[in-house]
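Summary of structural features
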Amino acid sequence: MLKRLTFVCVTLCVAIVAVLVAARHSSGNTISFEEPFSVYIAIGLIVVLFLPPFILSFFEQPVLKIVNVVYQSLIVFSFVSLIPVGFLIPNGSSTIIVAILGTVASLASVIVATRSTTFQPVLK
């Protein structure tokens, strides 16, 4: 349980860093530090979206662990889809680095959650 919780928290921190990097390298009508309220809303939305895997990491039931793995795999896909975006924006090298770190962290979180899912037969 502690490993799952730790990896979810690390992935959450990387996602927040990704928002801050996006705000730093803003171009056009996107999130920026010039409008801090939009940055706060984006970070709050990320925290709300990470609540389900955070809560599900406390439980030991196999079904809830599978739901947690499926939910976290969506987070992996969002970080993977952020990598090509880094190539499209100017000064996107930091975005690519954060996206790769997020992919590795969220993939490690999925692997830890998958490895901890053990199906033991019930003995009567």
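1. What about the packing of aromatic side chains?
In total, this model carries one aromatic pair according to the counting rule given. Each ring, one from Phe54 and one from Phe58, has its centre 5.5 Å from the other, and the planes form 90°; the classification is edge-to-face. Residue class for Phe58 comes out partly exposed when judged on its relative accessible area of 39%.

2. Notes on the side chain of Ser106
Within the fold, Ser106 resides in helix H5 (residues 93–115). Residue classification places Ser106 among the buried positions, given a relative accessible area of 2%. Of the polar contacts made by the side chain of Ser106, one reaches the backbone oxygen of Gly102; its length is 2.7 Å. Among all residues touching Ser106, those that are not within four sequence positions of it are Thr11, Ile75, Val76 and Phe79.

3. Considering a nonpolar patch on the surface
Judged by side-chain polarity, Met1, Val48, Leu51, Ile55, Phe58 and Phe59 come together as a nonpolar surface patch covering roughly 540 Å² of accessible area. As for its position among the elements, Ile55 is in helix H3 (residues 51–56).

4. Let's talk about the nonpolar core
Within the largest apolar cluster, 13 residues are counted, with the highest numbers of intra-cluster contacts made by Ala15, Ile46, Phe50, Phe79 and Val98. Looking at this core, the elements that each hand over two or more residues are helix H1 (2–24), helix H2 (36–49) and helix H4 (62–88). No other element matches H1, which puts seven residues into this core. Once residues lying within four places of it in the same chain are set aside, the contact partners of Phe50 are Val8, Thr11, Leu12, Ala15 and Ile75.

5. Regarding the environment of Ile100
Structurally, Ile100 can be placed in helix H5. Taking relative accessible area as the criterion, Ile100 reaches 42% and is therefore assigned partly exposed. Considering only alpha carbons, one finds Ile100 and Val47, 53 residues apart in sequence, at a separation of 20 Å.

6. Things to note about the packing of H1 against H5
For the pair H1 and H5, interaxial distance at closest approach is 9 Å and the crossing angle is 165°. One way to sum up the angle between H1 and H5 is to call them roughly antiparallel. Crossing angle aside, the handedness with which H1 passes H5 is left-handed. Taking contact as the criterion, the partners of Lys3, Arg4, Phe7, Val8, Val10, Thr11, Val14, Val17, Ala18 and Val21 in H1 are, on H5, Ser94, Thr95, Val98, Leu101, Gly102, Ala105, Ser106, Ala108, Ser109, Val112 and Ala113. Among the residues making up the contact of H1 with H5, the classes are represented as 13 nonpolar, six polar and two charged.

Procedures and definitions
Throughout, a residue's number is its position along its own chain's written sequence, starting from 1. Note on the predicted model: pLDDT of at least 70 is required for a residue's local features to be given, and 80 or more for side-chain atom pairs to be given and counted; whole-chain, interface and lining totals, by contrast, use all residues. Computation of side-chain values covers all heavy atoms of the structure but excludes hydrogens and water. Working definition: rings of Phe, Tyr and Trp (its six-membered ring) pair if their centres are within 6.5 Å, and the pair is stacked with planes under 30 degrees apart, edge-to-face with planes over 60 apart, and tilted otherwise. Exposed residues in this analysis have more than 50% of their type's maximum accessible area, buried residues have under 20%, and partly exposed residues fall in between, with area computed by a 1.4 Å probe over protein chains only. Strands are runs of DSSP state E lasting at least two residues, helices are runs of H or I lasting at least four, and both sets are numbered from the N terminus onward. Polar contacts, as counted here, are pairs of nitrogen or oxygen atoms within 3.5 Å of one another; within protein the pair requires one atom able to donate a hydrogen and one able to accept it, and residues that are adjacent in sequence qualify only if both atoms are side-chain atoms. The contact rule is simple, with two residues in contact once any of their heavy atoms fall within 4.5 Å. Patch members must show over 30% relative accessible area and no salt bridge, and they are joined within 9 Å when carrying like charges or within 5 Å when they are nonpolar side chains of Val, Leu, Ile, Met, Phe, Trp or Tyr. In these tables, accessible area is a Shrake-Rupley quantity obtained with a 1.4 Å probe, and a residue counts as shielded only by the protein chains included in the view. One side-chain nitrogen of Lys or Arg within 4 Å of one carboxyl oxygen of Asp or Glu is enough to make a salt bridge. What is meant by a nonpolar core is a set of buried Ala, Val, Leu, Ile, Met, Phe, Trp, Tyr and Cys residues, joined one to another through side-chain atoms within 4.5 Å. For every element, the axis is a line fit to its C-alpha atoms; helices are fit only across the contacting stretch, and the angle between N-to-C directions ranges from 0 to 180 degrees. Comment on the angle field: the value is read as roughly parallel under 35 degrees, roughly antiparallel over 145, roughly perpendicular from 65 to 115, and oblique elsewhere. Should the near helix be turned anticlockwise from the far one by less than a right angle, the crossing is termed left-handed; should it be turned clockwise, right-handed. Asp, Glu, Lys and Arg are counted as charged, while Ala, Val, Leu, Ile, Met, Phe, Trp, Tyr, Cys and Pro are counted as nonpolar; the rest, among them Gly, fall into the polar class.

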